[in-house]
Amino acid sequence: ADIPVWRGNFNGTYEVQSAPTDWNSEQVFEIPLETKSNGTPILVDGKLIFTAEPDQLICADAKSGKILWQKSNDLFTLHGISRDKKAELEAYKADIDNYTQQARKLRNVVRRLEAAVKKNPDNKQAATNLEVKRGEMEAYNEKVTEMRKMPFYRDFDMPPAHRTNGYTSYSPHYDGERLYVQFGFGVVVAYDLKGNRLWTSFIDHPDHSWGGATMPQIIDDKLIIRADDHHALEPKTGKILWSTPSEVVFGTPVPFVVEGQHFMFAPRGEVIRVSDGKKMQEGLVKINRDRSWAIFNTPALVDGVIYAANGVGKEDGNVYAYKIPSTVKSLEKNGLELLWNTAVAKDRYYSSPLVHDELVYVVGQESVITALEADTGKIVYEKHVKGVSGTAYPTMVYADNKIYQGTEDGDMVIFKPGRTFKEIARNKLGPYRSTPLFKDKVAYLRTYESLIAVGTL
């Protein structure tokens, strides 16, 4: 009955008997939220647990939406510093923010002057102003860099983050004992369901200025996370057990078991042994050299086959199916078996693959849906969903013989699964990037502006 982790069945399907079609007239509640987040809530013991920018963990009653508790996880609080020290650091941070803002303003001025000089190389006044403003911008940037390196401040420095990704795109995870939440400024925190903080582990900052989104999960009694690298933590204490180097990736590894041993398939096409973090295989998906960070989504695992999708803009798009061998010896010797690799629409694939009834569904950022045969990779249909706006960030999900596909601007298209595309309904909601979740006759969604429940309690 609980939904303690994002894509807990390693696929985007919910086995419910009723799922809402009209998300406006069937609304149960809508609770305004102060700040946005891309993270998907989890549902545990009648409670919805979710994040809010930049460091909030929130628990709400699943029947009413009432906020039960809300915890701040800013670096000042987690380090447990005194009030006077906090005030000093906040003032120091305010100076950094001010210098950063001045540099950004100057960057816009520099760009305008660069355009003026490019348009008219003889414009000496613009060329002179360009050099002056560029020098001022560089001075501010150097000042910010110098201030961030100061030892007394380094532990409290917030790394840069993409304005839409933020610090809270990691959905929480509950293992029956502890609630784990990760933030994009280098920390993992464990709570109990009453909101008591159990431990804090300071890891490393994400390796990309867009932040991160890899969900924490328990595999083989280890808490697996990713910041700059993949890490395994001890669930009771947060102590790091092992670390494995990782290049930039936003999706979450999918775990699998062979003869009692645990492994995981990371979205960059790596097979990692969970006991010690050893890489068993890599290079199983195409990585574009110029945009090597463009691995955004999470693979699906259904009936012993891993399905992965990725692409980079107008350059490529690929879907893969890999079969998991039945023995560890075969895995160590031959690795995963490639069943098929199909070229699909050239696009970025933020949404994770969805597998249902022997079909694999993927959707690119421009809302082009492709359905493929799960056993052969043959394309069944390709459908460009028109009339929607915004990038297709939310992952497609299946519930009650319906597939839900969304966009960040709040469009939700509902269509029937099968070998032909048949739209059922459309809804216009508030902007969102998270994934809907379904329990019994109710669906929940965390939009940028609110927490909503739709259906029948």
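Within any chain, residue numbers begin from 1 and follow the written order of that chain's sequence. With the structure being a predicted model, the display of local features is reserved for residues of pLDDT at least 70 and the display and counting of side-chain atom pairs for 80 or more, all residues being used for whole-chain, interface and lining totals. Remark: hydrogens and water are excluded; side-chain values derive from all non-hydrogen atoms of the structure.

Caption draft 1: Local environment of the packing of aromatic side chains. In summary, the pairing rule links any two rings of Phe, Tyr or Trp, Trp by its six-membered ring, whose centres are within 6.5 Å, and it sorts them by plane angle into stacked for under 30 degrees, edge-to-face for over 60 and tilted for everything else. By the definition in use, this model includes 23 aromatic pairs. Taken together, a centroid distance of 6.3 Å and an interplanar angle of 15° make the contact between Tyr320 and Tyr322 stacked. Judged by centre distance (4.9 Å) and plane angle (35°), the rings of Phe415 and Phe421 are tilted. Buried residues are those whose accessible area, probed at 1.4 Å on protein chains only, stays under 20% of the maximum for their type, while exposed residues exceed 50% and partly exposed ones sit between those limits. Exposure remark for Phe415: the relative accessible area of 0% places this residue in the buried category. Grouped by ring-pair contacts, the aromatic residues Tyr14, Trp23, Tyr404 and Phe438 constitute a single cluster. Over the ring of Trp6 we find Arg7; its NZ or CZ atom is 5.5 Å from the centre of that ring. Directly above the ring of Tyr393 sits Arg433, whose terminal nitrogen or CZ lies 3.5 Å from the centroid. Two limits define a charge over a ring: the Lys NZ or Arg CZ must be within 6 Å of the ring centre, and within 35 degrees of the ring normal.

Caption draft 2: Geometry of the packing of helix H2 (residues 83–119) against helix H3 (residues 124–148). Here an axis means a line fitted to C-alpha atoms, over the contact stretch when the element is a helix, while the angle between two N-to-C directions is reported on a 0 to 180 degree scale. Strands are runs of DSSP state E lasting at least 2 residues, helices are runs of H or I lasting at least 4, and numbering of each runs from the N terminus. Contact pair H2 / H3: the axes reach a minimum separation of 8 Å and the direction vectors enclose 155°. Compared by their axis directions, H2 and H3 come out roughly antiparallel. Of the two elements, H2 crosses H3, and the hand of that crossing is left-handed. Within the contact of H2 with H3, the residues separate by chemical class into 17 nonpolar, four polar and eight charged. Comment on the angle field: the value is read as roughly parallel under 35 degrees, roughly antiparallel over 145, roughly perpendicular from 65 to 115, and oblique elsewhere. Two helices that cross are described as forming a left-handed crossing if the nearer one is turned anticlockwise from the farther one by less than a right angle, and a right-handed crossing if clockwise. For this classification, Asp, Glu, Lys and Arg are treated as charged, while Ala, Val, Leu, Ile, Met, Phe, Trp, Tyr, Cys and Pro are nonpolar and the rest, including Gly, are polar.

Caption draft 3: Looking closely at empty space enclosed by the protein. Grid spacing is 1 Å over the protein atoms alone, the probe is 1.4 Å, and a cavity is where that probe fits but cannot get out, while a pocket is an open set with protein on both sides within 12 Å along at least five of seven lines and lining residues have an atom within 4 Å of a point. Grid points are joined across faces, edges and corners, and a volume is the space filled by probe spheres set on the points. One pass over the full model with this rule turns up three cavities of 30 Å³ or more. In this model, the largest cavity occupies a volume close to 430 Å³. Together, 23 residues line the largest cavity, and Asn165, Ala213, Phe296, Tyr350 and Tyr393 are the ones closest to its centre. By residue class, the composition of the lining of the largest cavity is nine nonpolar, 13 polar and one charged. If you go around the second largest cavity, the residues you meet are Ile3, Val5, Trp6, Arg7, Tyr14, Thr40, Pro41, Ile42, Ser171 and Leu437.

Caption draft 4: Representation of the nonpolar core. Working definition of a nonpolar core: buried Ala, Val, Leu, Ile, Met, Phe, Trp, Tyr and Cys residues. They are joined through side-chain atoms within 4.5 Å. Ranked by size, the top nonpolar core spans 32 residues in total, and within it Tyr14, Trp23, Tyr404, Met412, Phe438, Tyr444 and Leu451 carry the most contacts. Listed by contribution, the elements that provide at least two residues to this core are strand S2 (27–32), strand S4 (47–52), strand S5 (56–61), strand S27 (397–399), strand S29 (411–416), strand S31 (437–439), strand S32 (442–446) and strand S33 (450–455). Core analysis: the second largest hydrophobic core is formed by 27 residues, Val44, Trp69, Leu89 and Leu179 among them.

Caption draft 5: Examining the side chain of Ser367 more closely. Note on placement: Ser367 falls in the loop between strand S24 (359–363) and strand S25 (368–373). Contacts: residue pairs with any heavy atoms within 4.5 Å of one another. Residues within four places of Ser367 in sequence aside, it is in contact with Lys383, His384, Val385, Val388, Ala392, Gln405 and Thr407.

Caption draft 6: How the structure looks around the sheet that holds strand S20 (residues 305–312). When DSSP finds two or more bridges between a pair of strands, those strands are recorded as paired. Spatial strand order, S19-S20-S21-S22: four strands in an open sheet with antiparallel pairing. Only two strands of the sheet have a single neighbouring strand rather than two, namely strand S19 (300–302) and strand S22 (337–343). Between one strand axis and the next, the sheet turns through 20° on average, direction left out of account. Pairing analysis gives six bridges linking strand S21 (residues 316–323) to S22, with the strands arranged antiparallel. In the strand pairing of S22, Ala321 is matched with Trp340.

Caption draft 7: Quick look at the pattern of salt bridges. Any carboxyl oxygen of Asp or Glu that lies within 4 Å of a side-chain nitrogen of Lys or Arg is treated as forming a salt bridge with it. Going through the model one piece at a time under the given rule, you end up with 19 salt bridges. The residue Arg268 makes a salt bridge to Glu247 at a minimum N-O spacing of 3.5 Å. You can see Arg268 sitting in the loop between strand S16 (261–266) and strand S17 (270–273) and its partner Glu247 sitting in the loop between strand S14 (240–244) and strand S15 (254–258), a full 21 residues away along the chain. The class of Arg268 is buried, set by a relative accessible area of 7%.

Caption draft 8: Representation of the layout of surface pockets within the structure. Taken as a whole, the largest pocket encloses approximately 850 Å³ of empty space. Considering the residues around the largest pocket, the lining is formed by 31 residues, among which Thr100, Arg104, Arg148, Pro160 and Tyr167 are closest to the centre. Sort the elements by how many residues they give to the lining of the largest pocket and H2 lands first, with eight residues. In this structure, the second largest pocket spans a volume of roughly 280 Å³. Lining the second largest pocket we find 20 residues, and of these Asp2, Ile3, Thr13, Tyr14 and Phe438 sit closest to its centre. Taken together, the residues that form the lining of the second largest pocket break down as nine nonpolar, six polar and five charged.

Caption draft 9: Quick look at unusual backbone geometry. Residues Glu53 and Pro54 are joined by a peptide bond in cis, for which omega reads -10°. Of note, Pro54 is situated in the loop between S4 and S5. Even without glycine at this site, Asp220 takes up a positive phi of about 55°. Mapping Asp220 onto the fold places it in the loop between strand S11 (217–219) and strand S12 (222–226). Note on Asp220: relative accessible area 28%, which makes it partly exposed.

Taken by themselves, the reported measurements are silent on function.
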